[in-house]
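Chain residues, written in single-letter form:
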Amino acid sequence: MNERTQADEVVRYWQQIIGTLRQEGALTGSPQQGNEMVPVADAILLPDRCIFVLDMQQLANVASAVWMDSELWAQWQVALEGRRVLVSTGGGLALTVSRKPTRPLPAK
């Protein structure tokens, strides 16, 4: 897998995470007016997972409790085509996304 493909993969995961936060009304501002605030994170891509380390100074007013909501994790898993999502704390926040789906999605 080349670097461009890997970068696209990371961007796709992050867009799904942000899109789900948007659907849940957790982001402030309006994307249509160009003033929506979104969290900032660095990504670390490993062979089996992608880790997003959130910048605690740029969480876009999304409370820590929102990030730790297991129902939101389940929504992210659906948005990420069955990839497992976990959020960890310990002086900061990190989202871990499995690079391979862990279970098939239900048929529509």
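Here is what the cut-offs are and how they apply
- Residues numbered from 1 in each chain as written.
- Predicted model: local features only at pLDDT ≥ 70, side-chain atom pairs only at ≥ 80, totals over all residues.
- Heavy atoms only, no water.
- Pairing = 2+ DSSP bridges.
- Helix = DSSP H or I, 4+ residues; strand = E, 2+ residues; numbered from the N terminus.
- Axes fitted to C-alpha atoms, helices over the stretch in contact; angles between N-to-C directions.
- Contact = heavy atoms within 4.5 Å.
- Buried < 20%, exposed > 50% of the residue type's maximum accessible area, 1.4 Å probe, protein only.
- Polar contact = N/O pair within 3.5 Å; in protein donor to acceptor, adjacent residues only side chain to side chain.
- Parallel < 35°, antiparallel > 145°, perpendicular 65-115°, else oblique.
- Left-handed = near helix turned anticlockwise from the far one by under 90°.
- Nonpolar A, V, L, I, M, F, W, Y, C, P; charged D, E, K, R; others polar.
- Core = buried A, V, L, I, M, F, W, Y, C linked by side-chain atoms within 4.5 Å.

S.K.: Just to check I follow, could you spell out the sheet that holds strand β4 (residues 93–98) for this structure?
M.R.: Within a beta sheet, neighbouring strands are joined by backbone hydrogen bonds and run either parallel or antiparallel to one another. Spatial strand order, β1-β2-β4-β3: four strands in an open sheet with antiparallel pairing. Each edge of the sheet is formed by a strand with only one pairing partner; in this case those strands are β1 (41–45) and β3 (85–89). In this sheet, adjacent strand axes meet at a mean angle of 20° when their direction is disregarded. Examined bridge by bridge, β3 and β4 share five bridges and lie antiparallel to one another. Paired with V87 across the bridge in β4 is L95. Its contacts with the sheet put helix α1 (residues 3–23) on β1, β2 (49–54) and β4, and the angle it makes with β2 is roughly 60°. Packing of helix α3 (residues 70–79) onto the sheet brings it into contact with β3 and β4, and relative to β3 it is tilted by some 140°.

S.K.: Explain the pairing of β4 to me, please; I cannot follow it from the model alone.
M.R.: In regular strands, side chains alternate between the two faces of the sheet. Of all the six residues making up β4, five are buried; the element is thus mostly covered by neighbouring parts of the structure. Direction of pairing for β2 relative to β4: antiparallel, over a ladder of five bridges. Within the sheet, the bridge partner assigned to C50 lies in β4 and is V97. Where β3 folds back on β4, the antiparallel hairpin that results is connected by three residues, among which G90 adopts a positive phi of roughly 155°.

S.K.: What is the right way to read the side chain of S98 from this model?
M.R.: Tracing the backbone shows S98 in strand β4. Among the residues examined, S98 registers a relative accessible area of 17% and is labelled buried. A distance of 2.8 Å separates the side chain of S98 from the backbone oxygen of K100, its partner in a polar contact. Apart from residues lying up to four places away in sequence, S98 is in contact with Y13, D48, R49, R83 and R84.

S.K.: Which parts of the structure should I look at to understand the packing of α1 against α3?
M.R.: Angle between the axes and distance between the axes are the two parameters that describe a pair of packed helices. The contact between α1 and α3 brings their axes to 9 Å, and the two run at 130°. With respect to α3, the element α1 is oriented oblique. Here α1 and α3 pass one another in a crossing that is right-handed. Here Q16, I17, T20 and L21 of α1 come into contact with α3, specifically with L72, Q75, W76 and A79. In terms of residue class, the contact of α1 with α3 is built from five nonpolar, three polar and no charged.

S.K.: Just checking my understanding: could you explain the nonpolar core for this structure?
M.R.: Buried together is how nonpolar side chains tend to be arranged in soluble globular proteins. One finds I17, L21, F52, W67, W76 and L95 to be the most contacted residues of the largest nonpolar core, which totals 23 residues. Taken together, the elements giving at least two residues each to this core come down to α1, β2, α3, β3 and β4. At six residues, α1 tops the list of elements feeding residues into this core.

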